[in-house]
Amino acid sequence: MTADPEQNAAARLLAALTQPDPIDHAAAHALIPELVEAERAGADVDDDPRFAALLIHLSQCETCLDLYERTAEALEAFLDTPEPPTIETPEPFTLLRRNAYAALRSLRGAIRRFELSLTMPALQPVAVGSSTTLTLFDEQLHELSGAPELAVMLIRTEAMPMLRIRLHEASPTDWQVHLLLDDARFLAIPGPDGIAELRGFTEEALRSARAIDLLIGPATQA
Amino acid sequence: MDDSFQATLRNVWRRQSARNGWKLVDDEERFLDTARVEAVFLACAEAALKCLQQAVLRAYSLLLHQGLRARRDQAAAELYRALHYTALSRGRSPTDAEEYAQEAFFRVLEKLPTLREPRSLLAWAFRILSTVAQDRAAQTARTAEPLDNETAEQIADPLDLEAGLIEGLIGAELLRRIQQLIPNSLERVAVLDDMMRGAKPGDTATVLGISQTHARTAKYRGLQRLRKNAEFMRFLSELTDSSTGGS
(Lines give C-alpha, C1' and ligand atoms only; values in the text may rest on other atoms or scores of the structure.)
Protein backbone atom coordinates (compact mmCIF):
# COMPACT_ATOMS: atom_id res chain seq x y z
CA MET A 1 0.00 0.00 0.00
CA THR A 2 1.29 3.48 -0.86
CA ALA A 3 1.44 6.51 1.42
CA ASP A 4 -1.16 8.39 -0.70
CA PRO A 5 -4.23 8.80 1.54
CA GLU A 6 -6.66 8.60 -1.36
CA GLN A 7 -5.20 5.39 -2.69
CA ASN A 8 -4.95 3.84 0.75
CA ALA A 9 -8.58 4.68 1.37
CA ALA A 10 -9.54 3.39 -2.07
CA ALA A 11 -7.82 0.08 -1.45
CA ARG A 12 -9.57 -0.38 1.87
CA LEU A 13 -12.93 0.54 0.38
CA LEU A 14 -12.46 -1.72 -2.62
CA ALA A 15 -11.68 -4.63 -0.31
CA ALA A 16 -14.88 -3.99 1.64
CA LEU A 17 -16.95 -3.75 -1.53
CA THR A 18 -15.65 -6.83 -3.31
CA GLN A 19 -15.61 -9.48 -0.60
CA PRO A 20 -17.39 -12.62 -1.76
CA ASP A 21 -20.60 -13.34 0.17
CA PRO A 22 -19.84 -16.52 2.14
CA ILE A 23 -23.36 -17.46 3.31
CA ASP A 24 -26.94 -17.60 2.06
CA HIS A 25 -30.06 -15.93 3.45
CA ALA A 26 -31.13 -18.93 5.54
CA ALA A 27 -27.77 -19.14 7.30
CA ALA A 28 -27.90 -15.40 7.91
CA HIS A 29 -31.43 -15.57 9.33
CA ALA A 30 -30.34 -18.24 11.80
CA LEU A 31 -27.50 -16.10 13.16
CA ILE A 32 -29.18 -12.69 13.26
CA PRO A 33 -30.77 -13.19 16.73
CA GLU A 34 -27.41 -14.05 18.29
CA LEU A 35 -25.72 -11.08 16.63
CA VAL A 36 -28.41 -8.70 17.86
CA GLU A 37 -28.13 -10.07 21.39
CA ALA A 38 -24.35 -9.82 21.41
CA GLU A 39 -24.42 -6.25 20.11
CA ARG A 40 -26.93 -5.21 22.70
CA ALA A 41 -24.77 -6.74 25.42
CA GLY A 42 -21.90 -4.55 24.18
CA ALA A 43 -19.75 -7.34 22.73
CA ASP A 44 -17.15 -6.61 20.07
CA VAL A 45 -18.95 -8.52 17.34
CA ASP A 46 -16.72 -7.25 14.53
CA ASP A 47 -13.82 -9.31 15.86
CA ASP A 48 -15.90 -12.35 16.80
CA PRO A 49 -15.30 -15.17 14.28
CA ARG A 50 -18.85 -16.47 14.90
CA PHE A 51 -20.25 -13.46 13.07
CA ALA A 52 -17.60 -12.84 10.39
CA ALA A 53 -19.55 -14.43 7.53
CA LEU A 54 -22.84 -12.90 8.66
CA LEU A 55 -21.39 -9.39 8.75
CA ILE A 56 -20.09 -9.71 5.19
CA HIS A 57 -23.50 -10.97 4.12
CA LEU A 58 -25.32 -8.10 5.84
CA SER A 59 -23.06 -5.57 4.14
CA GLN A 60 -24.27 -6.91 0.80
CA CYS A 61 -27.87 -8.05 1.29
CA GLU A 62 -30.47 -5.30 1.69
CA THR A 63 -33.24 -7.68 2.76
CA CYS A 64 -31.21 -9.33 5.52
CA LEU A 65 -29.88 -5.95 6.66
CA ASP A 66 -33.46 -4.74 6.97
CA LEU A 67 -34.37 -7.88 8.94
CA TYR A 68 -31.37 -7.42 11.23
CA GLU A 69 -32.36 -3.80 11.89
CA ARG A 70 -35.98 -4.69 12.57
CA THR A 71 -34.96 -7.51 14.93
CA ALA A 72 -32.66 -5.21 16.90
CA GLU A 73 -35.42 -2.61 17.15
CA ALA A 74 -37.92 -5.24 18.30
CA LEU A 75 -35.58 -6.48 21.02
CA GLU A 76 -34.94 -2.88 22.05
CA ALA A 77 -38.68 -2.17 22.16
CA PHE A 78 -39.32 -5.25 24.29
CA LEU A 79 -36.57 -4.53 26.81
CA ASP A 80 -36.60 -0.75 26.92
CA THR A 81 -40.28 0.15 26.91
CA PRO A 82 -40.69 1.15 30.57
CA GLU A 83 -44.18 -0.25 31.00
CA PRO A 84 -45.95 -2.79 28.84
CA PRO A 85 -48.86 -1.50 26.75
CA THR A 86 -52.02 -1.41 28.81
CA ILE A 87 -54.02 -3.28 26.21
CA GLU A 88 -55.15 -6.76 27.24
CA THR A 89 -53.36 -9.63 25.52
CA PRO A 90 -55.69 -12.54 24.81
CA GLU A 91 -54.71 -16.18 25.29
CA PRO A 92 -53.16 -17.61 22.14
CA PHE A 93 -54.93 -20.96 22.34
CA THR A 94 -58.50 -22.03 22.87
CA LEU A 95 -58.96 -25.59 24.06
CA LEU A 96 -61.65 -27.11 21.89
CA ARG A 97 -61.70 -30.62 23.25
CA ARG A 98 -59.61 -32.89 25.39
CA ASN A 99 -59.90 -36.54 26.30
CA ALA A 100 -57.55 -39.29 27.40
CA TYR A 101 -55.82 -39.58 24.05
CA ALA A 102 -56.16 -36.24 22.29
CA ALA A 103 -56.25 -32.51 22.91
CA LEU A 104 -57.39 -30.14 20.18
CA ARG A 105 -56.60 -26.46 20.49
CA SER A 106 -57.27 -23.70 18.02
CA LEU A 107 -54.94 -20.76 17.64
CA ARG A 108 -56.39 -17.33 18.04
CA GLY A 109 -56.85 -15.37 14.83
CA ALA A 110 -58.83 -14.91 11.67
CA ILE A 111 -56.90 -17.73 10.01
CA ARG A 112 -57.96 -21.25 10.92
CA ARG A 113 -55.05 -22.98 12.61
CA PHE A 114 -55.05 -25.68 15.17
CA GLU A 115 -52.85 -27.97 17.16
CA LEU A 116 -53.65 -31.60 17.83
CA SER A 117 -51.71 -33.33 20.60
CA LEU A 118 -52.03 -37.09 20.53
CA THR A 119 -50.99 -39.36 23.37
CA MET A 120 -48.88 -42.18 22.05
CA PRO A 121 -50.06 -45.67 22.98
CA ALA A 122 -47.52 -48.31 23.97
CA LEU A 123 -46.15 -49.72 20.73
CA GLN A 124 -45.42 -53.41 20.36
CA PRO A 125 -42.66 -54.45 17.95
CA VAL A 126 -43.81 -55.11 14.39
CA ALA A 127 -43.51 -58.75 13.35
CA VAL A 128 -41.11 -59.53 10.53
CA GLY A 129 -42.72 -59.09 7.12
CA SER A 130 -45.90 -57.51 8.46
CA SER A 131 -47.33 -54.04 8.87
CA THR A 132 -49.80 -52.50 11.28
CA THR A 133 -52.15 -49.55 11.01
CA LEU A 134 -53.27 -47.75 14.13
CA THR A 135 -55.88 -45.00 14.01
CA LEU A 136 -54.84 -42.30 16.46
CA PHE A 137 -57.61 -39.83 15.65
CA ASP A 138 -60.62 -39.80 13.34
CA GLU A 139 -63.18 -37.12 14.06
CA GLN A 140 -65.04 -34.22 12.56
CA LEU A 141 -63.92 -30.88 13.96
CA HIS A 142 -67.29 -29.22 14.45
CA GLU A 143 -65.65 -26.45 16.47
CA LEU A 144 -63.80 -25.10 13.44
CA SER A 145 -65.53 -23.23 10.66
CA GLY A 146 -66.23 -25.56 7.74
CA ALA A 147 -66.14 -28.49 10.20
CA PRO A 148 -63.25 -30.32 8.50
CA GLU A 149 -62.78 -34.02 9.08
CA LEU A 150 -59.40 -35.13 10.29
CA ALA A 151 -57.94 -38.58 10.57
CA VAL A 152 -54.44 -39.53 11.75
CA MET A 153 -53.16 -43.04 11.18
CA LEU A 154 -49.86 -44.53 12.25
CA ILE A 155 -48.63 -47.09 9.73
CA ARG A 156 -45.71 -49.21 10.85
CA THR A 157 -43.61 -51.68 8.93
CA GLU A 158 -40.24 -53.21 9.71
CA ALA A 159 -38.54 -50.47 7.74
CA MET A 160 -39.89 -47.09 8.77
CA PRO A 161 -43.05 -45.77 10.45
CA MET A 162 -45.28 -43.23 8.72
CA LEU A 163 -48.12 -40.95 9.77
CA ARG A 164 -50.91 -40.62 7.26
CA ILE A 165 -53.10 -37.56 7.70
CA ARG A 166 -56.44 -37.28 5.95
CA LEU A 167 -57.96 -33.82 5.93
CA HIS A 168 -61.41 -33.48 4.40
CA GLU A 169 -61.52 -29.81 3.59
CA ALA A 170 -62.52 -27.64 0.64
CA SER A 171 -58.93 -26.79 -0.43
CA PRO A 172 -56.65 -29.27 1.34
CA THR A 173 -53.61 -28.35 -0.79
CA ASP A 174 -53.58 -24.87 0.75
CA TRP A 175 -52.76 -26.42 4.11
CA GLN A 176 -49.67 -27.87 5.63
CA VAL A 177 -49.14 -30.28 8.46
CA HIS A 178 -46.17 -30.10 10.81
CA LEU A 179 -45.29 -32.99 13.04
CA LEU A 180 -43.25 -31.90 16.05
CA LEU A 181 -41.51 -34.90 17.50
CA ASP A 182 -38.73 -34.59 20.00
CA ASP A 183 -36.12 -32.22 18.53
CA ALA A 184 -37.26 -32.51 14.95
CA ARG A 185 -40.07 -31.33 12.77
CA PHE A 186 -41.54 -32.96 9.70
CA LEU A 187 -43.65 -31.22 7.10
CA ALA A 188 -46.18 -32.55 4.63
CA ILE A 189 -48.64 -30.84 2.32
CA PRO A 190 -51.89 -32.67 1.59
CA GLY A 191 -52.63 -33.63 -1.99
CA PRO A 192 -55.96 -32.89 -3.72
CA ASP A 193 -57.39 -35.97 -1.98
CA GLY A 194 -56.52 -34.43 1.41
CA ILE A 195 -53.90 -37.09 2.18
CA ALA A 196 -50.54 -36.03 3.63
CA GLU A 197 -47.85 -38.53 4.58
CA LEU A 198 -45.22 -37.74 7.16
CA ARG A 199 -42.06 -39.84 7.09
CA GLY A 200 -38.45 -39.66 8.16
CA PHE A 201 -38.79 -40.31 11.89
CA THR A 202 -37.81 -43.50 13.61
CA GLU A 203 -39.67 -46.14 15.54
CA GLU A 204 -37.47 -45.30 18.55
CA ALA A 205 -38.48 -41.63 18.43
CA LEU A 206 -42.14 -42.63 18.44
CA ARG A 207 -41.68 -45.09 21.29
CA SER A 208 -39.88 -42.58 23.48
CA ALA A 209 -42.41 -39.77 22.83
CA ARG A 210 -45.21 -39.47 25.35
CA ALA A 211 -47.20 -37.48 22.81
CA ILE A 212 -46.90 -36.14 19.31
CA ASP A 213 -48.02 -32.70 18.23
CA LEU A 214 -49.47 -31.79 14.86
CA LEU A 215 -49.70 -28.17 13.85
CA ILE A 216 -52.15 -27.70 11.02
CA GLY A 217 -52.78 -24.51 9.14
CA PRO A 218 -52.28 -22.67 5.88
CA ALA A 219 -48.77 -22.60 4.44
CA THR A 220 -46.51 -19.95 5.96
CA GLN A 221 -43.36 -18.31 4.73
CA ALA A 222 -39.83 -18.70 6.17
CA MET B 1 -19.06 -12.77 41.58
CA ASP B 2 -19.81 -10.62 44.61
CA ASP B 3 -23.03 -9.92 46.51
CA SER B 4 -23.47 -6.55 44.91
CA PHE B 5 -23.44 -8.04 41.42
CA GLN B 6 -25.94 -10.68 42.54
CA ALA B 7 -28.20 -7.98 43.99
CA THR B 8 -28.08 -5.97 40.76
CA LEU B 9 -28.89 -9.05 38.74
CA ARG B 10 -31.80 -9.85 41.06
CA ASN B 11 -33.19 -6.34 40.64
CA VAL B 12 -32.96 -6.59 36.86
CA TRP B 13 -34.73 -9.95 36.96
CA ARG B 14 -37.51 -8.79 39.27
CA ARG B 15 -38.20 -5.71 37.18
CA GLN B 16 -38.39 -7.73 34.00
CA SER B 17 -40.52 -10.49 35.49
CA ALA B 18 -43.00 -8.00 37.00
CA ARG B 19 -43.19 -5.99 33.79
CA ASN B 20 -43.72 -9.01 31.56
CA GLY B 21 -45.79 -11.21 33.87
CA TRP B 22 -43.19 -13.99 33.75
CA LYS B 23 -44.24 -16.89 35.96
CA LEU B 24 -42.18 -19.88 34.83
CA VAL B 25 -39.52 -19.52 37.55
CA ASP B 26 -40.24 -21.70 40.57
CA ASP B 27 -36.80 -21.39 42.17
CA GLU B 28 -35.49 -17.85 41.98
CA GLU B 29 -31.99 -18.62 43.28
CA ARG B 30 -31.46 -21.36 40.76
CA PHE B 31 -32.73 -19.10 37.99
CA LEU B 32 -30.33 -16.36 39.09
CA ASP B 33 -27.48 -18.87 38.95
CA THR B 34 -28.36 -19.50 35.30
CA ALA B 35 -28.61 -15.76 34.63
CA ARG B 36 -25.21 -15.27 36.26
CA VAL B 37 -23.68 -17.85 33.93
CA GLU B 38 -25.15 -15.89 31.01
CA ALA B 39 -23.78 -12.63 32.44
CA VAL B 40 -20.31 -14.20 32.58
CA PHE B 41 -20.72 -15.50 29.02
CA LEU B 42 -21.65 -12.01 27.85
CA ALA B 43 -18.85 -10.46 29.97
CA CYS B 44 -21.31 -8.07 31.64
CA ALA B 45 -19.96 -5.43 33.97
CA GLU B 46 -22.11 -4.76 37.04
CA ALA B 47 -23.24 -1.37 35.81
CA ALA B 48 -23.98 -2.55 32.29
CA LEU B 49 -27.76 -2.64 32.58
CA LYS B 50 -28.43 -3.62 28.97
CA CYS B 51 -25.98 -6.48 29.23
CA LEU B 52 -27.60 -7.73 32.44
CA GLN B 53 -31.06 -7.43 30.87
CA GLN B 54 -29.75 -9.57 28.04
CA ALA B 55 -28.36 -12.16 30.46
CA VAL B 56 -31.75 -12.41 32.20
CA LEU B 57 -33.51 -12.62 28.85
CA ARG B 58 -31.27 -15.49 27.76
CA ALA B 59 -31.79 -17.37 31.02
CA TYR B 60 -35.55 -16.90 30.78
CA SER B 61 -35.53 -17.93 27.13
CA LEU B 62 -34.25 -21.33 28.24
CA LEU B 63 -37.27 -21.77 30.52
CA LEU B 64 -39.65 -20.58 27.83
CA HIS B 65 -38.12 -23.02 25.38
CA GLN B 66 -38.59 -25.91 27.80
CA GLY B 67 -42.16 -24.78 28.49
CA LEU B 68 -43.05 -24.53 24.82
CA ARG B 69 -41.60 -27.94 24.09
CA ALA B 70 -43.66 -29.37 26.95
CA ARG B 71 -46.72 -27.53 25.52
CA ARG B 72 -47.26 -25.58 28.73
CA ASP B 73 -50.04 -23.03 28.32
CA GLN B 74 -48.23 -20.53 30.53
CA ALA B 75 -45.17 -20.60 28.27
CA ALA B 76 -47.34 -20.17 25.18
CA ALA B 77 -49.21 -17.26 26.76
CA GLU B 78 -45.98 -15.51 27.79
CA LEU B 79 -44.45 -15.88 24.34
CA TYR B 80 -47.61 -14.59 22.70
CA ARG B 81 -47.72 -11.64 25.08
CA ALA B 82 -44.07 -10.77 24.35
CA LEU B 83 -44.81 -10.74 20.62
CA HIS B 84 -47.99 -8.74 21.10
CA TYR B 85 -46.33 -6.16 23.40
CA THR B 86 -43.41 -5.76 21.04
CA ALA B 87 -45.60 -5.27 18.00
CA LEU B 88 -47.57 -2.62 19.92
CA SER B 89 -44.40 -0.97 21.20
CA ARG B 90 -43.14 -0.74 17.64
CA GLY B 91 -46.14 1.44 16.84
CA ARG B 92 -48.46 -1.08 15.22
CA SER B 93 -52.17 -0.49 15.51
CA PRO B 94 -53.94 -2.86 17.94
CA THR B 95 -55.42 -4.78 15.01
CA ASP B 96 -52.10 -5.10 13.20
CA ALA B 97 -50.24 -5.94 16.40
CA GLU B 98 -52.57 -8.83 17.08
CA GLU B 99 -52.35 -10.09 13.52
CA TYR B 100 -48.53 -9.89 13.53
CA ALA B 101 -48.34 -11.61 16.92
CA GLN B 102 -50.65 -14.43 15.77
CA GLU B 103 -48.65 -15.05 12.64
CA ALA B 104 -45.29 -14.90 14.42
CA PHE B 105 -46.55 -17.14 17.23
CA PHE B 106 -47.60 -19.85 14.80
CA ARG B 107 -44.29 -19.66 12.94
CA VAL B 108 -42.36 -19.92 16.21
CA LEU B 109 -44.29 -23.05 17.19
CA GLU B 110 -43.82 -24.77 13.85
CA LYS B 111 -40.12 -23.89 13.61
CA LEU B 112 -39.23 -24.47 17.26
CA PRO B 113 -37.23 -27.66 16.59
CA THR B 114 -35.01 -25.73 14.16
CA LEU B 115 -33.89 -23.20 16.77
CA ARG B 116 -30.10 -23.53 17.16
CA GLU B 117 -29.72 -21.82 20.50
CA PRO B 118 -32.59 -22.05 23.04
CA ARG B 119 -31.05 -19.16 25.01
CA SER B 120 -31.81 -16.94 22.04
CA LEU B 121 -35.47 -17.99 21.87
CA LEU B 122 -36.92 -14.52 22.47
CA ALA B 123 -34.45 -12.77 20.14
CA TRP B 124 -35.26 -15.45 17.56
CA ALA B 125 -39.00 -14.92 18.09
CA PHE B 126 -38.48 -11.19 17.50
CA ARG B 127 -36.57 -12.04 14.32
CA ILE B 128 -39.61 -14.04 13.19
CA LEU B 129 -41.91 -11.16 14.16
CA SER B 130 -39.67 -8.93 12.05
CA THR B 131 -39.96 -11.35 9.15
CA VAL B 132 -43.74 -11.10 9.41
CA ALA B 133 -43.45 -7.30 9.36
CA GLN B 134 -41.07 -7.52 6.41
CA ASP B 135 -43.49 -9.76 4.51
CA ARG B 136 -46.34 -7.35 5.14
CA ALA B 137 -44.16 -4.41 4.12
CA ALA B 138 -43.26 -6.15 0.88
CA GLN B 139 -46.95 -6.65 0.21
CA THR B 140 -47.59 -2.94 0.62
CA ALA B 141 -44.35 -1.99 -1.17
CA ARG B 142 -43.05 -0.12 1.83
CA THR B 143 -39.98 1.93 1.04
CA ALA B 144 -37.17 2.12 3.55
CA GLU B 145 -37.24 5.23 5.68
CA PRO B 146 -34.05 7.28 5.38
CA LEU B 147 -31.87 7.11 8.46
CA ASP B 148 -31.85 10.89 8.75
CA ASN B 149 -35.51 10.72 9.69
CA GLU B 150 -34.89 8.48 12.68
CA THR B 151 -35.26 10.28 15.95
CA ALA B 152 -34.90 7.44 18.41
CA GLU B 153 -31.41 8.44 19.45
CA GLN B 154 -29.78 11.76 20.07
CA ILE B 155 -26.61 11.61 18.07
CA ALA B 156 -23.53 13.76 17.70
CA ASP B 157 -23.39 15.59 14.39
CA PRO B 158 -21.81 13.12 11.94
CA LEU B 159 -20.56 16.05 9.89
CA ASP B 160 -18.14 16.97 12.71
CA LEU B 161 -16.59 13.53 12.45
CA GLU B 162 -16.59 13.71 8.66
CA ALA B 163 -14.62 16.98 8.70
CA GLY B 164 -11.80 15.30 10.60
CA LEU B 165 -11.84 12.18 8.46
CA ILE B 166 -11.60 13.82 5.06
CA GLU B 167 -8.62 16.08 5.74
CA GLY B 168 -6.37 13.89 3.61
CA LEU B 169 -8.98 13.62 0.86
CA ILE B 170 -9.91 17.27 0.32
CA GLY B 171 -10.15 17.84 -3.42
CA ALA B 172 -9.88 14.12 -4.20
CA GLU B 173 -12.16 12.70 -6.88
CA LEU B 174 -12.89 9.67 -4.69
CA LEU B 175 -14.39 11.84 -1.97
CA ARG B 176 -16.47 13.83 -4.45
CA ARG B 177 -18.00 10.67 -5.84
CA ILE B 178 -18.70 9.18 -2.41
CA GLN B 179 -20.43 12.38 -1.31
CA GLN B 180 -22.52 12.32 -4.45
CA LEU B 181 -23.54 8.66 -4.15
CA ILE B 182 -24.17 8.65 -0.39
CA PRO B 183 -26.19 11.77 0.39
CA ASN B 184 -27.09 10.57 3.89
CA SER B 185 -24.47 12.02 6.22
CA LEU B 186 -24.53 9.19 8.77
CA GLU B 187 -24.18 6.48 6.12
CA ARG B 188 -21.36 8.42 4.47
CA VAL B 189 -19.47 8.98 7.71
CA ALA B 190 -19.78 5.31 8.70
CA VAL B 191 -18.20 4.34 5.36
CA LEU B 192 -15.50 7.03 5.54
CA ASP B 193 -14.63 6.11 9.14
CA ASP B 194 -13.72 2.59 7.99
CA MET B 195 -11.95 3.84 4.85
CA MET B 196 -9.81 6.43 6.55
CA ARG B 197 -8.97 4.84 9.90
CA GLY B 198 -10.17 1.24 9.67
CA ALA B 199 -12.91 1.92 12.20
CA LYS B 200 -15.45 -0.82 12.90
CA PRO B 201 -19.12 0.11 13.35
CA GLY B 202 -18.64 -0.25 17.11
CA ASP B 203 -15.92 2.45 17.01
CA THR B 204 -18.07 4.76 14.89
CA ALA B 205 -20.99 4.17 17.25
CA THR B 206 -18.88 5.21 20.25
CA VAL B 207 -17.70 8.43 18.61
CA LEU B 208 -21.20 9.39 17.49
CA GLY B 209 -23.02 8.19 20.61
CA ILE B 210 -25.33 5.85 18.73
CA SER B 211 -25.96 2.11 18.94
CA GLN B 212 -23.75 -0.41 17.15
CA THR B 213 -26.79 -1.53 15.20
CA HIS B 214 -27.46 1.99 14.00
CA ALA B 215 -23.83 2.53 12.93
CA ARG B 216 -23.64 -0.87 11.25
CA THR B 217 -26.88 -0.38 9.34
CA ALA B 218 -25.70 3.03 8.18
CA LYS B 219 -22.33 1.74 7.02
CA TYR B 220 -23.74 -1.27 5.16
CA ARG B 221 -26.41 0.85 3.47
CA GLY B 222 -23.67 3.24 2.35
CA LEU B 223 -21.61 0.36 0.97
CA GLN B 224 -24.65 -1.02 -0.84
CA ARG B 225 -25.21 2.34 -2.53
CA LEU B 226 -21.62 2.39 -3.78
CA ARG B 227 -21.67 -1.25 -4.88
CA LYS B 228 -24.79 -0.69 -6.96
CA ASN B 229 -23.06 1.98 -9.05
CA ALA B 230 -21.03 0.21 -11.75
CA GLU B 231 -19.31 3.39 -12.83
CA PHE B 232 -18.05 4.02 -9.31
CA MET B 233 -16.82 0.45 -8.96
CA ARG B 234 -14.90 0.80 -12.22
CA PHE B 235 -13.37 4.09 -11.06
CA LEU B 236 -12.40 2.61 -7.70
CA SER B 237 -10.82 -0.41 -9.32
CA GLU B 238 -8.77 1.75 -11.69
CA LEU B 239 -7.68 4.02 -8.84
CA THR B 240 -6.45 1.04 -6.88
CA ASP B 241 -4.71 -0.44 -9.94
CA SER B 242 -2.87 2.81 -10.56
CA SER B 243 -1.52 2.76 -7.02
CA THR B 244 -0.04 -0.70 -7.55
CA GLY B 245 1.19 0.05 -11.08
CA GLY B 246 -1.65 -1.98 -12.57
CA SER B 247 -0.24 -5.23 -11.24
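Keep in mind it's a predicted model, so treat the numbers as computed, not measured.

### Describing the pattern of salt bridges
Phase 1 of the analysis: What the rule picks out here adds up to 44 salt bridges over all chains.
Phase 2 of the analysis: The closest approach of N and O atoms between Asp66(A) and Arg70(A), which form a salt bridge, is 2.9 Å. Taken together, the residues Asp66(A) and Arg70(A), both in helix α4 (residues 62-80) and four residues apart, mark about one turn of the helix.
Phase 3 of the analysis: Since its relative accessible area comes to 6%, Arg70(A) is described here as buried.
Phase 4 of the analysis: Between Arg207(A) and Glu203(A) there is a salt bridge, and its shortest N-O distance comes to 3.5 Å. Remark: Glu203(A) and Arg207(A) occur in helix α5 (residues 203-208); sequence separation between them is four residues, near one turn of the helix.
Phase 5 of the analysis: With relative accessibility at 39%, the residue Arg207(A) sits in the partly exposed group.
Phase 6 of the analysis: For Glu203(A), a relative accessible area of 12% gives the class buried.
Phase 7 of the analysis: Within this structure, Glu37(A), Glu38(B), Arg58(B), Glu117(B) and Arg119(B) form a network of salt bridges that share partners.

### Description of the state of the cysteines
Phase 1 of the analysis: The final tally for this structure, using the stated rule, is one disulfide over all chains.
Phase 2 of the analysis: With a sulfur-sulfur separation of 2.1 Å, Cys44(B) is cross-linked through a disulfide to Cys51(B). Looking along the S-S bond of the Cys44(B)-Cys51(B) disulfide, the torsion reads about -80°, which is the left-handed sense. Each member of the pair Cys44(B) and Cys51(B) is classed as buried.
Phase 3 of the analysis: Unpaired in terms of disulfides, Cys61(A) finds its nearest cysteine sulfur in Cys64(A), a separation of 3.6 Å.

### Focus: helix α3 (residues 49-69) of chain B
Residues and elements named next belong to chain B.
Phase 1 of the analysis: With 21 residues, α3 extends 30 Å between its outermost C-alpha atoms, agreeing within 8% with the 30 Å of an ideal straight helix rising 1.5 Å per residue.
Phase 2 of the analysis: α3 sits mainly inside the fold: 16 of its 21 residues count as buried.
Phase 3 of the analysis: Count one or two residues on from α3 and you reach arginine 71, which has phi positive near 55°.

### Here we look at the sheet that holds strand β8 (residues 184-188) of chain A
Phase 1 of the analysis: With respect to topology, six strands assemble into an open sheet ordered β1-β2-β3-β10-β7-β8 (chain A), the strand pairing being antiparallel. The sheet terminates laterally at β1 (93-98) and β8 of chain A, the two strands that pair on one side only. Direction aside, neighbouring strands of the sheet carry axes that sit 20° apart on average.
Phase 2 of the analysis: Relative to strand β2 (residues 102-107) of chain A, β1(A) is paired through five bridges, and the arrangement is antiparallel. Looking at β2(A), one finds that Leu95(A) is bridged to Arg105(A).
Phase 3 of the analysis: Here helix α5 (residues 94-111) of chain B sits on the sheet and contacts β1, β2, β7 (175-181), β8 and β10 (211-218) of chain A; the angle it forms with β10(A), its principal contact strand, is near 140°.

### As for the nonpolar core
The tendency in soluble globular proteins is for nonpolar side chains to be buried as a group.
Phase 1 of the analysis: By size, the foremost hydrophobic cluster in this structure holds 105 residues, and its most contacted members are Leu13(A), Leu58(A) and Leu174(B).
Phase 2 of the analysis: Once residues within four sequence positions are removed from consideration, Leu58(A) is found in contact with Ile32(A), Leu35(A), Cys64(A), Leu65(A), Tyr68(A), Tyr220(B) and Gln224(B).
Phase 3 of the analysis: Leu104(A), Leu123(A), Val177(A) and Ala209(A) belong to the second largest nonpolar core, which has 32 residues in total.

### Observations concerning unusual backbone geometry
Leaving glycine out, the prevailing phi sign among residues is negative, and the prevailing peptide bond configuration is trans.
Phase 1 of the analysis: Phi at Ala147(A) is positive, roughly 40°, even though this residue is not glycine.
Phase 2 of the analysis: Position of Ala147(A) relative to the elements: it lies in the loop between β4 (132-140) and β5 (149-156).
Phase 3 of the analysis: Its identity as a non-glycine residue notwithstanding, Arg71(B) has a phi of 55°, on the positive side.
Phase 4 of the analysis: Summarising the element assignment, Arg71(B) is placed in the loop between α3 and α4 (73-89).

### Concerning the interface of chain B and chain A
Phase 1 of the analysis: Listed per partner, the contact involves 90 residues of chain B and 86 residues of chain A.
Phase 2 of the analysis: At the junction of chain B with chain A, the criterion picks out 13 salt bridges.
Phase 3 of the analysis: With a closest N to O distance of 3.0 Å, Lys50(B) and Glu76(A) form a salt bridge.
Phase 4 of the analysis: For the pair chain B and chain A, the interface holds 31 residue pairs in polar contact (both at pLDDT 80 or more).
Phase 5 of the analysis: Its residues assigned to classes, the side of chain B that touches chain A comprises 37 nonpolar, 24 polar and 29 charged.

Definitions and limits used
- Residues numbered from 1 in each chain as written.
- Chains lettered and ligands numbered in written order.
- Predicted model: local features only at pLDDT ≥ 70, side-chain atom pairs only at ≥ 80, totals over all residues.
- Heavy atoms only, no water.
- Salt bridge = Lys/Arg side-chain N within 4 Å of Asp/Glu carboxyl O.
- Helix = DSSP H or I, 4+ residues; strand = E, 2+ residues; numbered from the N terminus.
- Buried < 20%, exposed > 50% of the residue type's maximum accessible area, 1.4 Å probe, protein only.
- Disulfide = S-S within 2.5 Å.
- Expected span 1.5 Å × (residues − 1).
- Pairing = 2+ DSSP bridges.
- Axes fitted to C-alpha atoms, helices over the stretch in contact; angles between N-to-C directions.
- Contact = heavy atoms within 4.5 Å.
- Core = buried A, V, L, I, M, F, W, Y, C linked by side-chain atoms within 4.5 Å.
- Polar contact = N/O pair within 3.5 Å; in protein donor to acceptor, adjacent residues only side chain to side chain.
- Nonpolar A, V, L, I, M, F, W, Y, C, P; charged D, E, K, R; others polar.

Just distances and angles here, no functional claims.
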